[in-house]
Amino acid sequence: MPGHHRRARTHSSGRIRVVEEETEDPDFAKKSRIMVFKSMMSSTKLFVLVLLCMQNTMFTVLRRYSQGVLKEIYSKYEVLLVGELIKFVYSAYKISSELSQGEQAFPKLRYLLKRSSKMAVLACIYGAMNILSFVALRNISAGMFTVFAQLKILTTATCSSVMLRRSYSMTKWRALISLMMGVLLFSEPIWNRDDNSKNPEGGNVMLGTASVLIEVTLSGFASIYFEKVIKTDPEQLGIWERNYQLAFGSIPIYLMFMFWEDGGVAGYFGGWSVVAGILALLGAAGGMLVALSIKHGDSILKTLATTGAIVLSATLDHYILGGPLTNIMCIAGVIVVISICNYTFDMSPPETPLQTEPKADKPDEEIALTKTTARY
């Protein structure tokens, strides 16, 4: 057969024979690359990821303007709470508007709340991450916290490999590691400042380090858990149903944080402005876009979009609000962009696992290992 040959290799002991079947088909290589590229660049997926990147950018720049320029003192937990309320109401509206003829909204919404235990678990994880962040910042410096926080990229990929049994090529792993280092360099003005490099007086460094490491691990786990529920749950609920359930579980969490800090400096719902209201709307939109990005893409692509938003928001912050943009940050920004491209446009086909088969004539002496590979 043209373009196909079989090669046998015998181990020096004579007891194991490795048989490799190699296919030399240039058309197969070309077709596989085209299929992977089309999958990555599907219009819906790309549109959602771009929207998520823009939402993160707008939220970050507007929050910087609100708290850094206008010096507004509203509680961040109140903004998050209002965002969840908006998401809850809007998701309920979308669910009601998409019901089939003869189906009533109230029984449907009540049924979804009764079946929201999986999203309640996710809301509790997010709440635990907020508490761990608070504990970490009470015991270690903001610089150390920023450095450790970049591990979220790798914990997400690791949880994806373990929980979803995904296999990533070495190119993708290298891209993720270089992305993590690029973001770390990009945040150099935060962790390299003298006032951010000192640990809080009386703080427990071991406790702070353990808290932030647990937080980044939970972050990776939460992203993959959410993706697994959306894509593999037997109920196969839609995005609006899942957002409705998640918002319902998150509202009591943010209420608890709001009462915990006693309304913040300005008191309960004090210090609010039009900008704070827009931030709440953007926060609600971000939650829905995250779910859409996971449904049409995956958690790693969602992480790439939010990471790219860091570079874009810092650039806008520099030109609009006069934020820092050093030479190191520019170089790091290029590294981040290249890393995202290396991951996104990596078209390595998945490796075919080795198949072990006992040989019929000599079952105790030889094992035939068949491996099919493609040459490009």
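What you see is a predicted model; the values in this text were computed from it and never measured.

On to the overall build of the protein. Scanning the protein for helices and strands turns up 14 helices and 4 strands. Here the protein holds 376 residues, and the buried ones make up 41% of them. In the protein, of all internal contacts separated by at least 6 residues, the share reaching a separation of at least 24 is 81%. Summed over its atoms, the accessible surface of the protein is roughly 20,700 Å², and 63% of this surface lies on carbon and sulfur atoms.

Across soluble globular proteins, you tend to see nonpolar side chains buried next to one another. Core analysis: the biggest nonpolar cluster contains 29 residues, and Met119, Leu122, Phe226, Ile230, Tyr244 and Leu246 have the highest contact counts within it. At the level of elements, helix 3 (76-97), helix 4 (105-114), helix 5 (117-139), helix 10 (205-232), helix 11 (239-260) and helix 12 (274-296) are the ones that each hand at least two residues to this core. Sort the elements by how many residues they give to this core and helix 11 lands first, with 9 residues. When sequence neighbours within four positions are dropped, the list of residues in contact with leucine 246 reads Glu84, Lys87, Met119, Leu122, Ala123, Tyr126 and Phe226. Judged by nonpolar contacts, the second largest core, of 25 residues, contains Leu49, Met180, Phe186 and Ile300.

The subject of this paragraph is the packing of helix 7 (residues 152-163) against helix 13 (residues 299-321). At their nearest, the axes of helix 7 and helix 13 sit 9 Å apart, and the two run at 165 degrees to each other. Between helix 7 and helix 13, the crossing angle belongs to the class labelled roughly antiparallel. Two packed elements cross with a definite hand, and for helix 7 against helix 13 that hand is left-handed. Contacts between helix 7 and helix 13 involve Ile153, Thr156 and Ala157 from the former and Ser299, Ile300, Thr303 and Thr307 from the latter. For the contact of helix 7 with helix 13, the residue count by class is 3 nonpolar, 4 polar and no charged.

Turning next to empty space enclosed by the protein. The final tally for this structure, using the stated rule, is 1 cavity of 30 Å³ or more. In this model, the largest cavity occupies a volume close to 30 Å³. Taken together, Ala123, Tyr126, Gly127, Ser250, Ile253 and Tyr254 make up the lining of the largest cavity. Looking at the lining of the largest cavity, the elements that each hand over two or more residues are helix 5 and helix 11.

Here the focus is the side chain of lysine 302. Within the secondary structure layout, lysine 302 lies in helix 13. One buried charged residue, lysine 302, remains without a salt bridge, the closest side chain of opposite sign being glutamate 227 at 8.4 Å. Within the structure, the side chain of lysine 302 is placed 3.2 Å from the side chain of serine 223, a separation counted as a polar contact. Setting aside chain neighbours within four positions, we find lysine 302 in contact with Leu49, Leu52, Ser223, Val290, Ser293 and Ile294.

Let's shift gears to the packing of aromatic side chains. Tallied over the full model, the rule gives 13 aromatic pairs. Aromatic side chains tyrosine 90 and tryptophan 240 sit 5.5 Å apart centroid to centroid with 75 degrees between the ring planes, which places their arrangement in the edge-to-face category. With tyrosine 90 in helix 3 and tryptophan 240 in helix 11, the pair connects residues that are 150 residues apart, well separated along the chain. Each ring, one from tyrosine 168 and one from tryptophan 173, has its centre 5.9 Å from the other, and the planes form 85 degrees; the classification is edge-to-face.

In this structure, glutamate 241 sits in helix 11. The spacing of glutamate 241 and phenylalanine 88 is 153 residues in sequence and 9.7 Å in space, taken between C-alpha atoms. Glutamate 241 has contacts with Ile95, Lys108 and Leu112, leaving out every residue within four places of it along the chain. Within the local environment of glutamate 241, its side chain forms a polar contact with the backbone nitrogen of glycine 238, the two atoms lying 3.1 Å apart.

A few words on the pattern of salt bridges. Applying the stated criterion across every chain yields a total of 9 salt bridges. Glutamate 215 is paired through a salt bridge with lysine 152; the nearest N and O atoms lie 3.6 Å apart. With a gap of 63 residues between them, glutamate 215 in helix 10 and lysine 152 in helix 7 connect regions that are remote in the sequence. On the basis of relative accessibility, which here comes to 27%, the residue lysine 152 falls in the partly exposed class.

On to the packing of helix 8 (residues 170-186) against helix 14 (residues 327-344). Put simply, helix 8 and helix 14 touch, their axes get as near as 8 Å, and they point 160 degrees apart. By the angle between their directions, the pair helix 8 and helix 14 is classed as roughly antiparallel. The interaxial crossing formed by helix 8 with helix 14 has left-handed handedness. Where helix 8 abuts helix 14, its residues Thr171, Lys172, Ala175, Leu176, Ser178, Leu179, Gly182, Val183, Leu185 and Phe186 lie against Ile328, Met329, Ala332, Gly333, Ile335, Val336, Ser339, Ile340, Asn342 and Tyr343. Of the residues assigned to the contact of helix 8 with helix 14, the class counts are 13 nonpolar, 6 polar and 1 charged.

Below, the discussion takes up the environment of serine 348. You can see serine 348 is positioned in the loop between helix 14 and strand 3 (355-358). Classification of serine 348 by relative accessible area gives partly exposed; the value is 32%. Between the C-alpha atom of serine 348 and that of serine 169, which follows or precedes it by 179 residues, the distance is 6.7 Å. Look past the residues within four positions of serine 348 in its chain and what remains in contact with it is Ser169 and Thr171.

Right, let's get into helix 7. Along its 12 residues, helix 7 runs 16 Å from first to last C-alpha, staying within 8% of the 16 Å computed at 1.5 Å per residue. All of the buried residues along helix 7 are Ile153, Thr155, Thr156, Ala157, Cys159 and Ser160. Downstream of helix 7 by a residue or two, arginine 165 has a phi angle that is positive, lying close to 55 degrees.

About the criteria used
Residues numbered from 1 in each chain as written. Predicted model: local features only at pLDDT ≥ 70, side-chain atom pairs only at ≥ 80, totals over all residues. Heavy atoms only, no water. Helix = DSSP H or I, 4+ residues; strand = E, 2+ residues; numbered from the N terminus. Buried < 20%, exposed > 50% of the residue type's maximum accessible area, 1.4 Å probe, protein only. Contact = heavy atoms within 4.5 Å. Areas by Shrake-Rupley, 256 points an atom, 1.4 Å probe, with all protein chains shown as cover. Core = buried A, V, L, I, M, F, W, Y, C linked by side-chain atoms within 4.5 Å. Axes fitted to C-alpha atoms, helices over the stretch in contact; angles between N-to-C directions. Parallel < 35°, antiparallel > 145°, perpendicular 65-115°, else oblique. Left-handed = near helix turned anticlockwise from the far one by under 90°. Nonpolar A, V, L, I, M, F, W, Y, C, P; charged D, E, K, R; others polar. 1 Å grid on protein atoms, 1.4 Å probe; cavity = no way out; pocket = protein on both sides within 12 Å on 5 of 7 lines; lining within 4 Å. Points joined across faces, edges and corners; volume = space filled by probe spheres on them. Lys, Arg positive; Asp, Glu negative; His and termini not counted. Salt bridge = Lys/Arg side-chain N within 4 Å of Asp/Glu carboxyl O. Polar contact = N/O pair within 3.5 Å; in protein donor to acceptor, adjacent residues only side chain to side chain. Phe/Tyr/Trp six-rings, centres within 6.5 Å; stacked < 30°, edge-to-face > 60°. Expected span 1.5 Å × (residues − 1).

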